[in-house]
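Examining the three-dimensional arrangement
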Amino acid sequence: MKKTFLISFFAAIAIIVSAQSDLGVDYFSLGEYDAAKRYFEKNLTQSPALSNFYLGEIAYIQGKESEAKTYYDNGLAADPNDLYNQIGQAQLLLKSDLKTAESLFAAIQKKSKKDPLVILAIGRAYFDAGMKDKARLKLEEARKRNKKLPQIYIFEGDLIKAESGNDKLGDIAGKYEMAIYFDPSYRLGYIKAAQAYALFNPTTAIEKLKEIIALQPDYLLAHRQLGQVSTQIGMYNQAIVSYTKYMDAGEYSLEDLKNYVRVLYFSDMIDDAQK
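Notes on the structure in this doc start here. Computed from a predicted model, the values in this text were never measured in an experiment.

1. Thoughts on the overall build of the protein chain
The helix and strand inventory of the protein chain stands at 15 helices and zero strands. Put simply, the protein chain has 275 residues, and 45% of those count as buried. For the protein chain, long-range pairs separated by at least 24 residues make up 51% of all intrachain contacts whose partners lie at least 6 apart in sequence. Accessible area for the protein chain stands at about 14400 Å²; split by element, carbon and sulfur atoms hold 55% of it.

2. Section: the pattern of salt bridges
Counted according to the given criterion, the structure contains 13 salt bridges. Between Glu 32 and Arg 224 there is a salt bridge whose closest N-O contact spans 2.4 Å. Of this pair, Glu 32 sits in the loop between α1 (2–29) and α2 (33–42) while Arg 224 is found in helix α13 (residues 220–232), placing the two residues 192 residues apart along the sequence. Since its relative accessible area comes to 4%, Arg 224 is described here as buried. Taking the shortest distance from any N to any O, the salt bridge between Glu 211 and Lys 208 comes out at 3.3 Å. Of the two residues, Glu 211 and Lys 208 both sit in helix α12 (residues 202–215), three residues apart, roughly one turn of that helix. Judged by relative accessible area, which is 34%, Glu 211 ranks as partly exposed. Overlapping salt bridges, with partners in common, bring together Glu 140, Arg 143, Glu 156 and Lys 175 in one network.

3. Here's the deal with the environment of Lys 175
Relative to the elements of secondary structure, Lys 175 occurs in helix α10 (residues 169–182). Taking the C-alpha atoms as reference, Lys 175 lies 8.9 Å from Ile 152; in sequence the two are 23 residues apart. Leaving out residues up to four positions away in the same chain, Lys 175 has contacts with Tyr 153, Glu 156, Gly 157 and Ile 160.

4. What to know about the layout of surface pockets
In this structure, the largest pocket occupies an estimated 1200 Å³ of space. Lining the largest pocket we find 44 residues, and of these Val 25, Phe 28, Ser 29, Tyr 54 and Arg 124 sit closest to its centre. For the lining of the largest pocket, the secondary-structure elements that each account for two or more residues are α1, α3 (48–61), α5 (83–91), α7 (116–128), α9 (150–164), α10 and α11 (187–197). Sorting elements by how many residues they give to the lining of the largest pocket places α7 first, with seven residues. The residue makeup of the lining of the largest pocket, split by class, is 26 nonpolar, eight polar and ten charged.

5. Let's talk about α3
For α3, spanning 14 residues, the distance from its first C-alpha to its last is 20 Å, which sits close to the expected 20 Å at 1.5 Å a residue. Burial analysis of α3 places eleven of its 14 residues in the buried class, which makes it a mostly covered element. Listed in full, the buried residues belonging to α3 are Ala 49, Ser 51, Asn 52, Phe 53, Tyr 54, Leu 55, Gly 56, Glu 57, Ile 58, Ala 59 and Tyr 60.

6. What to know about the side chain of Arg 187
Relative to the helices and strands, Arg 187 is located in helix α11. Residue classification places Arg 187 among the buried positions, given a relative accessible area of 16%. Among the polar contacts listed, one links the side chain of Arg 187 to the side chain of Asp 26, at a separation of 3.1 Å.

7. Brief notes about the packing of aromatic side chains
Tallied over the entire structure, the rule returns twelve aromatic pairs. Here Tyr 27 and Tyr 39 contribute two aromatic rings whose centre-to-centre distance is 5.5 Å and whose plane-to-plane angle is 45°, an arrangement assigned as tilted. Of this pair, Tyr 27 sits in helix α1 while Tyr 39 sits in helix α2, and the two are twelve residues apart along the sequence. When its relative accessible area of 0% is taken as the criterion, Tyr 27 is described as buried. On the accessibility criterion, Tyr 39 (12% relative accessible area) is buried. An aromatic cluster is built from Phe 28, Tyr 33, Phe 40, Phe 53, Tyr 54, Tyr 72 and Tyr 84, whose rings are joined through pairwise contacts.

Rules of the game
- Residues numbered from 1 in each chain as written.
- Predicted model: local features only at pLDDT ≥ 70, side-chain atom pairs only at ≥ 80, totals over all residues.
- Heavy atoms only, no water.
- Helix = DSSP H or I, 4+ residues; strand = E, 2+ residues; numbered from the N terminus.
- Buried < 20%, exposed > 50% of the residue type's maximum accessible area, 1.4 Å probe, protein only.
- Contact = heavy atoms within 4.5 Å.
- Areas by Shrake-Rupley, 256 points an atom, 1.4 Å probe, with all protein chains shown as cover.
- Salt bridge = Lys/Arg side-chain N within 4 Å of Asp/Glu carboxyl O.
- 1 Å grid on protein atoms, 1.4 Å probe; cavity = no way out; pocket = protein on both sides within 12 Å on 5 of 7 lines; lining within 4 Å.
- Points joined across faces, edges and corners; volume = space filled by probe spheres on them.
- Nonpolar A, V, L, I, M, F, W, Y, C, P; charged D, E, K, R; others polar.
- Expected span 1.5 Å × (residues − 1).
- Polar contact = N/O pair within 3.5 Å; in protein donor to acceptor, adjacent residues only side chain to side chain.
- Phe/Tyr/Trp six-rings, centres within 6.5 Å; stacked < 30°, edge-to-face > 60°.

Honestly, it's all geometry; don't read function into it.
Following this line, the structure appears as structure tokens:
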């Protein structure tokens, strides 16, 4: 009985830590680096290798390479076999010693037995270094390993966006939809798709967000995104409900607070005009 309780207890702890990390990864994937940094700093003790990797990635993207190296080193100190922090270290050489960096990437892929997620992480390293052609080659390599992996289509949509801006929003949204198609529970796909749709078809954006909220009612980012899109089209009551659910979790930024106050203000103006 005691053994069963302990197994259940530690399983529950693992789920909580995983959920926190997943939310941090989602913030990172959406380019919300301040929010992601807060999450991973809180999670350093529970998941040191993962947290240090993403903190390193944030530092690298922000041009703080020496800080990034410290995080990758700390991640490997926590787990010397962690391939993602190894990718981070190799990434630091891309602009100064491409040949060595690519040799290290090849060795990492070999150790991972060509895991498509590892291949995609290498593709992201090229992407973050501004080497989009090499990033796309890694994307196609990962697709050959597992064409049903939702992260492939997220990366592909991100590449199109980086290359075309908002000129191909339909194509970008379509790639994110593919991520949802291959994994209907992959919540980042819904958020990414909703962000793209919000720029040319906000009604569809709202539908996407309501779909993931129906599947995962406690997914905070979906509520915040629904608040943003609802505000965009003047559905202030819906926006207030959605923002309130997000704000109640206490993880909001100053910008979130400003948006919330703005929605309350517009809602009050409409109420006053109707009196």
